[in-house]
Amino acid sequence: MGNKQKILVTGGLGYIGSHTVVALIQAGYEVVILDDLSNSSLMILDRIEQITGVRPSFYQINLLDKKQLYAIFSDETDLSAVIHFAAFKAVGESVREPVKYFTNNLVSLLHLLEVMDHFQVTNLVFSSSATVYGDARELPVKESTPFQKALSSYGSTKQMGEEILEKTAAVKDIQVISLRYFNPVGAHDSAWIGELPNGVPNNLMPYITQVAAGLRPSLTVFGNDYDTPDGTCVRDYIHVVDLAKAHVKSCGRLIDKKNRDSFEVFNIGTGKGLSVLEIIHAFEKQNQLSLKYEIGPRRSGDSPAMYADVTRAKEILRWEAELGLTEIVTSAWKWEQTLHPHNTCL
Ligand code: UD1
């Protein structure tokens, strides 16, 4: 127990963070979680313990509180790496509240870098997003595909976050892996952890599961007149359990000093694009139910199609997605059902 490598995970009770904490514990790491609970729940800490048999250390902290961050780092010595998930992520809200997003997402990153430098913690995995590519002109997108202007302040914070990290890693003793996630979906197969959206979901999968649960009357498909095979938007949906494993791989790569550059980026997706209608129909078929949906107007800011070239992750990180659409739609539905055990519609 005493000589396990210790990983600090900011935002470790969130959707992707909690799945990553489980994967880290199962891979033999000791985990310390930092979370301000602004978009997560302490109940998830119990759930992590139920799944793994281990209760990680937990600190409730907002990373804007630099003094508290210093105090935690001086308590938690011998950190082998940090995974930084903690950030705001609602795209629409970020357009309305740019200062809130720039402050939270960038100042917290700067604090983390300062404190890591002070305590000589040299390995960092950063939570980036396919949103950095903007409205990409070539598909599939490669890591070398140039960024287009970000469509939201959320997207800008991810582009700027990467730039801050690249410039810092070029001159300081810090090694960074930035993972650009495509569309994370699904839940742990235990259905003890999953996505907990605040209010009306913005994203497709939680909207679908809430319609299936009878919590919302119907799903609106945002446009069916795009230049795609069935007219609806195409995305690269990645199972959150696969995504969690990409973080474990990245930590191992940094700790074993296998990285080739001080700043590396990887696309984390399946490499396969699926349309909104394909997702709806797979959800209906695998879960044997019928979903109420209608075709509505396009949502502003949506790209017609976005999917990853995953060659780099496969060849260099030695990671690739193992779970497919069946596991995605069944685990998402199983998770939604556990949230409403008394709902008679289910
Ligand atoms: C969005 C963000 C992205 C973020 C990701 C995960 C934008 C431009 N991108 O991706 O930065 O990293 O979420 O949080 O906002 N759809 C419907 N009906 C719905 C909801 C969605 O038809 O009720 C469609 C959308 O038009 C889209 C697809 O489903 O084609 C996926 O949408 P969503 O889950 O919101 O993800 P993205 O927009 O791809």
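Chains are numbered independently. Their residues run from 1 in the order of the written sequence. Per-residue local features are limited, in this predicted model, to residues with pLDDT of at least 70; the limit for side-chain atom pairs, both in listing and counting, is 80 or more; totals at the level of whole chains, interfaces and linings are taken over all residues. As a rule here, side-chain values cover all heavy atoms of the structure and leave hydrogens and water aside.

Below, the discussion takes up the environment of G53. Helix and strand assignments come from DSSP, with helices taken as H or I runs of at least 4 residues and strands as E runs of at least 2, each series counted from the N terminus. Tracing the backbone shows G53 in the loop between α2 (43-52) and β3 (57-60). Burial here depends on accessible area, computed with a 1.4 Å probe over protein chains only, as a share of the maximum for the residue type. Under 20% is buried, over 50% is exposed, and the range in between is partly exposed. With a relative accessible area of 61%, G53 lands in the exposed category. For the pair G53 and Q26, spaced 27 residues apart in sequence, the C-alpha separation works out to 9.7 Å.

Now for the site of the ligand. If a single non-hydrogen atom of a residue is within 4 Å of a molecule or strand, that residue counts as near it. By nearness alone, 19 residues border the ligand, and L204, T220, R235, R299 and D302 come closest of all. Under the rule applied, a polar contact is a pair of N or O atoms within 3.5 Å (in protein, one hydrogen donor and one hydrogen acceptor; residues adjacent in sequence only if both atoms are side-chain atoms). One of the side-chain nitrogen or oxygen atoms of T131 is found 3.2 Å away from an oxygen atom of the ligand. The contact in question runs from an oxygen atom of the ligand to an N or O atom on the side chain of R235, over 2.6 Å. Accessible surface is estimated by sampling points in the Shrake-Rupley manner with a 1.4 Å probe; for residues, cover comes only from the protein chains shown. Relative to its unbound accessible area of 740 Å², the ligand is 88% covered by the protein chains. The leading source of residues in the shell around the ligand is strand β8 (residues 219-222), at 4 residues. A per-class count over the shell around the ligand returns 9 nonpolar, 7 polar and 3 charged. For this classification, the nonpolar set comprises Ala, Val, Leu, Ile, Met, Phe, Trp, Tyr, Cys and Pro, the charged set comprises Asp, Glu, Lys and Arg, and every other residue, Gly included, is treated as polar.

Before going further, it helps to spend a moment on the packing of aromatic side chains. Planes of paired rings set the category: under 30 degrees apart is stacked, over 60 is edge-to-face and the rest tilted, where pairs are Phe, Tyr or Trp rings (Trp by its six-membered ring) whose centres lie within 6.5 Å. A full pass over the atoms with the stated rule returns 6 aromatic pairs. Considering the side-chain rings of F73 and F119, the 5.9 Å spacing of their centres and the 35 degrees angle between planes classify their relative orientation as tilted. Note that F73 is positioned in helix α3 (residues 66-75) and F119 in the loop between α5 (98-118) and β5 (123-129), a separation of 46 residues in sequence. On the accessibility criterion, F73 (2% relative accessible area) is buried. Given a relative accessible area of 28%, F119 falls into the partly exposed group. Ring centres of F88 and Y101 lie 5.4 Å apart, and the angle between their planes is 55 degrees; this geometry places the pair in the tilted category. You can see F88 sitting in the loop between β4 (79-84) and α4 (91-96) and its partner Y101 sitting in helix α5, a full 13 residues away along the chain.

Across residues other than glycine, the phi torsion is negative in most instances, and most of the peptide bonds are trans. Cis rather than trans, the peptide bond between L139 and P140 has omega equal to -5 degrees. Summarising the element assignment, P140 is placed in the loop between β5 and α6 (153-171). Although it is not a glycine, L37 adopts a positive phi angle of roughly 65 degrees. Here L37 lies in the loop between β2 (30-35) and α2. Residue classification places L37 among the partly exposed positions, given a relative accessible area of 21%. If you check the backbone angles, Q288 has positive phi at about 50 degrees while not being a glycine. As for its position among the elements, Q288 is in the loop between α9 (276-287) and β13 (293-296).

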